[in-house]
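Chains, contacts and geometry: an overview
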Amino acid sequence: MPIWLLLLLGLALLLLLRKWSLLRLGSSLPGPWAFPLLGNAQMVGKLRPEFIFLVFTELRDRFGATYRLWLGPQLWVFLHTAEETREALHDPTLRKAETFLQLEPLIGNGLLISHGSHWTQQRRLLTPAFRPILLRSFGPSVAKHADRLIERLEATSGAFLELTDPLFACLLDAIVDTSMGGRLETQSVAHSPIIRAFHRSSQLLFKRMINPLLASDWIFKRTQLWRELSEQLQVIHTLMDSLIERRSAQLQQEGDVPRRSLNLLDTLLLAKIDGEPLSRKQIRDEVNTFVFAGVDTTTAAMSFVLYALAKHPEAQHRLLEELRQLQPNASMDLDTLNELPYLDALLKEVLRLYTIVPTTGRQTTRSTVIGGRKYCAGVTLWINMYGLAHDASYYPQPYAFKPERWLQQTETEAASFSYIPFSGGPHVCIGRRYALLLMKQLTVRIATAFRLELRPDEPELTLQAQMVLKAREGIHVAFTKR
Ligand code: HEM
């Protein structure tokens with residue numbers, strides 16, 4: 001036998017041995033027929049964003065609660081029960097799925113994708129930047145940005161408006177102001193380059209994430225996609241660097257003892273790990289993580305809230321009834337906002353029906369047991385938050401918009417871990433209370449100021465799973481002054 005053939009056979013055998021546990025696990029799980037070597041890659045590669053999570057849910061109906069797909073040599077397993085989800089989200093041996101690591105050019109090794117002791121250290125450091133006392137102090141700043149948005153909505157004089165850009169600008173300004181003390185004022189600019197840079201980088205990174213051919217850095221960095229991404233990242237990094245430098249200089253003038261409570265950026269600038277301050281790159285990665293994880297999600301969530309109010313006039317009416325009890329300006333007060341049961345139920349239902357982050361992924365790093373099944377290292381586990389939130393066994397009439405369901409039943413009474421819009425376990429969204437504060441305040445102010453309407457012939461939304469859930473044709477609402 002020629003030597004090259006021997007070598008090739010040896011290599012194939014080595015590969016087979018290394019992948020043996022994975023192959024055995026894969027063949028024990030149900031799933032669609034997979035081509036040799038390619039697996040189901042052609043199926044996943046062909047999926048359009050609007051179908052990704054629906055197909056995942058359809059495959060569940062065909063193959064049961066737990067099934068697999070092969071992406072070439074990678075094994076993907078989809079978990080659909082609340083109990084498996086709970087176990088996976090609490091399993092300390094799992095790390096974020098490799099797909100998410102492709103966000104690195106934007107967010108470096110920030111909290112969203114880091115793991116192990118580095119993640120624990122960062123999470124411990126950043127948690128105080130979201131404590132309730134600090135969130136309470138954000139009220140007036142958020143109100144100021146909300147008022148600017150209201151002025152912009154008023155200027156539309158009742159014409160239909162696509163919501164993404166105005167909401168994004170408002171939330172970007174509010175989040176940068178409250179977490180970094182920076183004034184962006186993107187709401188006052190017609191075409192803000194920073195908004196374009198965030199939108200475009202997010203789109204380009206998502207294109208890469210859903211294309212298995214671009215997984216390799218070597219290939220990706222030779223594409224036009226990478227060239228465009230680098231240009232957009234340059235805009236974001238330059239702006240963030242200038243905000244960081246400005247605040248750092250102010251802090252030095254204040255003798256490193258800020259005159260007010262520490263916000264996220266102050267916390268990062270004053271932090272010391274093993275006696276050393278964080279590098280500028282580490283600080284920028286974290287700041288970008290928070291803007292990236294916070295603005296797109298709250299923008300999507302708020303556009304679905306306003307859509308739901310416009311679509312369901314009875315919900316608008318019921319919310320207004322509840323708000324009538326409020327004092328003028330009370331909408332700035334976090335405690336008052338948290339005592340409005342219908343507002344709370346409305347937001348919960350929107351976050352269930354329009355699951356903003358439809359799926360998340362984890363990677364096994366060593367052998368572990370989830371839902372009574374043993375998983376070897378190297379498996380990607382997908383958690384289908386959208387599927388759980390639309391499972392009729394947890395939520396009767398899962399596709400109906402019924403805020404009342406939350407008035408009768410508390411979240412904890414629904415199968416725990418079926419309702420996880422902010423994920424769960426140790427990686428639960430660090431900004432969840434902050435997100436709810438922003439959403440509550442904007443909802444109250446907008447609903448009090450305007451009557452919201454959809455076009456009479458408005459078709460049902462076609463949902464798309466991009467980085468976050470979106471409506472394919474956007475969301476168009478008319479705002480008429482009350
Ligand atoms: C409606 C709005 C939001 C939704 C639906 C949402 C959802 C989520 C979800 C599902 C995760 C977990 C991902 C996973 O387990 O893999 C997460 C993590 C995270 N979120 Fe949010 N989020 C929202 C708003 C925010 C805001 C406003 C911020 C900060 C300004 C933020 C910052 C983060 C960060 C830093 C993480 C990573 C946490 C960690 O791994 O320790 N999010 N979010």
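Calculation notes
- Residues numbered from 1 in each chain as written.
- Predicted model: local features only at pLDDT ≥ 70, side-chain atom pairs only at ≥ 80, totals over all residues.
- Helix = DSSP H or I, 4+ residues; strand = E, 2+ residues; numbered from the N terminus.
- Rg over C-alpha atoms; globule rule 2.2 N^0.38 Å.
- Buried ≥ 20, exposed ≤ 12 C-beta atoms within 10 Å, placed from the backbone.
- Contact = placed C-beta atoms within 7 Å.
- Core = buried A, V, L, I, M, F, W, Y, C linked by C-beta atoms within 7 Å.
- UniProt positions renumbered as here; feature names shortened; annotations may be inferred.
- Axes fitted to C-alpha atoms, helices over the stretch in contact; angles between N-to-C directions.
- Parallel < 35°, antiparallel > 145°, perpendicular 65-115°, else oblique.
- Left-handed = near helix turned anticlockwise from the far one by under 90°.
- Nonpolar A, V, L, I, M, F, W, Y, C, P; charged D, E, K, R; others polar.
- Near = placed C-beta within 6 Å.
- Pairing = 2+ DSSP bridges.
- Expected span 1.5 Å × (residues − 1).

**Notes on the overall build of the protein chain**
Of the regular secondary structure elements, the protein chain holds 22 helices and 14 strands. A globule of 482 residues ought to have a C-alpha radius of gyration of about 23 Å, and the protein chain, at 24 Å, matches this closely. Residues counted as buried form 37% of the 482 residues belonging to the protein chain. Counting only contacts in the protein chain whose residues sit at least 6 apart along the sequence, the fraction spanning at least 24 positions is 76%.

**Some thoughts on the nonpolar core**
In this structure, Leu171, Ala301, Val305, Leu306, Val350, Leu438 and Met439 are the most contacted members of the largest nonpolar core, which totals 116 residues. Among the elements that make up this core, the one with the highest residue count is helix 16 (residues 280-311) (17 residues). Contacts of Val305, omitting those with residues within four sequence positions, involve Leu347, Val350, Met439 and Thr443.

**Notes on the UniProt feature "binding site: heme" (unreviewed entry) in the protein chain**
In the numbering used here, UniProt assigns the "binding site: heme" (unreviewed entry) feature to Cys429. Topologically, Cys429 is positioned in the loop between helix 21 (405-408) and helix 22 (432-449). Contacts of Cys429, omitting those with residues within four sequence positions, involve Phe422 and Ser423.

**Details of the packing of helix 10 (residues 139-154) against helix 11 (residues 164-180)**
It is the contact of helix 10 with helix 11, at a shortest axis distance of 9 Å, that shows an interaxial angle of 160°. Between helix 10 and helix 11, the angle falls in the class roughly antiparallel. Between helix 10 and helix 11 lies a crossing of right-handed hand. Taking contact as the criterion, the partners of Ser141, Val142, His145, Ala146, Arg148, Leu149 and Arg152 in helix 10 are, on helix 11, Pro166, Cys170, Asp173, Ala174, Asp177 and Thr178. Per-class residue counts for the contact of helix 10 with helix 11 are six nonpolar, three polar and four charged.

**Considerations on the site of the ligand**
Taken together, 24 residues sit near the ligand, with Gly294, Thr297, Ser423, Cys429 and Gly431 positioned nearest. It is helix 16 that contributes the most residues to the shell around the ligand, seven residues altogether. For the shell around the ligand, the residue count by class is 14 nonpolar, eight polar and two charged.

**A few points about the sheet that holds strand 11 (residues 450-453)**
Reading across the sheet, the three strands line up as 4-14-11 and stay open at both edges, with antiparallel pairing between neighbours. At either margin of the open sheet sits one strand with a lone partner, and together these are strand 4 (160-162) and strand 11. Here the average twist between neighbouring strands, direction ignored, is 40°. Relative to strand 14 (residues 476-481), strand 11 runs antiparallel, the two sharing four bridges. In the strand pairing of strand 14, Glu453 is matched with Ala478. Sitting on the sheet, helix 16 touches strand 11 and strand 14, and the angle it makes with strand 11 is about 85°.

**Points about the sheet that holds strand 2 (residues 74-79)**
The five strands are arranged 1-2-10-7-3 in an open sheet whose pairing can be described as mixed. Pairing within the sheet leaves two strands with one partner each, and these edge strands are strand 1 (67-71) and strand 3 (94-96). Neighbouring strand axes in the sheet, compared pairwise and without regard to direction, differ in orientation by 30° on average. As defined by bridge partners, strand 1 adjoins strand 2 across five bridges and the pair is classed as antiparallel. The residue bridging Leu71 from the neighbouring strand is Gln74, located in strand 2. Across the sheet, helix 2 (residues 20-28) lies against strand 1, strand 2 and strand 10 (379-384), angled at about 40° from strand 2, the strand it touches most.

**Quick look at helix 19 (residues 341-353)**
In this model, helix 19 (13 residues) spans 18 Å end to end at C-alpha, consistent with the 18 Å of a helix rising 1.5 Å per residue. Among the residues of helix 19, Leu343, Ala345, Leu346, Leu347, Glu349, Val350, Leu351, Arg352 and Leu353 are the ones counted as buried. Summarising the contacts, the buried residues of helix 19 are in contact with helix 16, helix 17 (313-323), helix 20 (385-389), helix 21 and helix 22.

**Quick look at the environment of Phe479**
Tracing the chain through its elements places Phe479 in strand 14. In this structure, the C-alpha to C-alpha distance between Phe479 and Gln203, residues 276 residues apart in sequence, is 29 Å. Other than its neighbours up to four places away in sequence, Phe479 contacts Leu153, Thr156, Gly158, Phe450 and Leu452.

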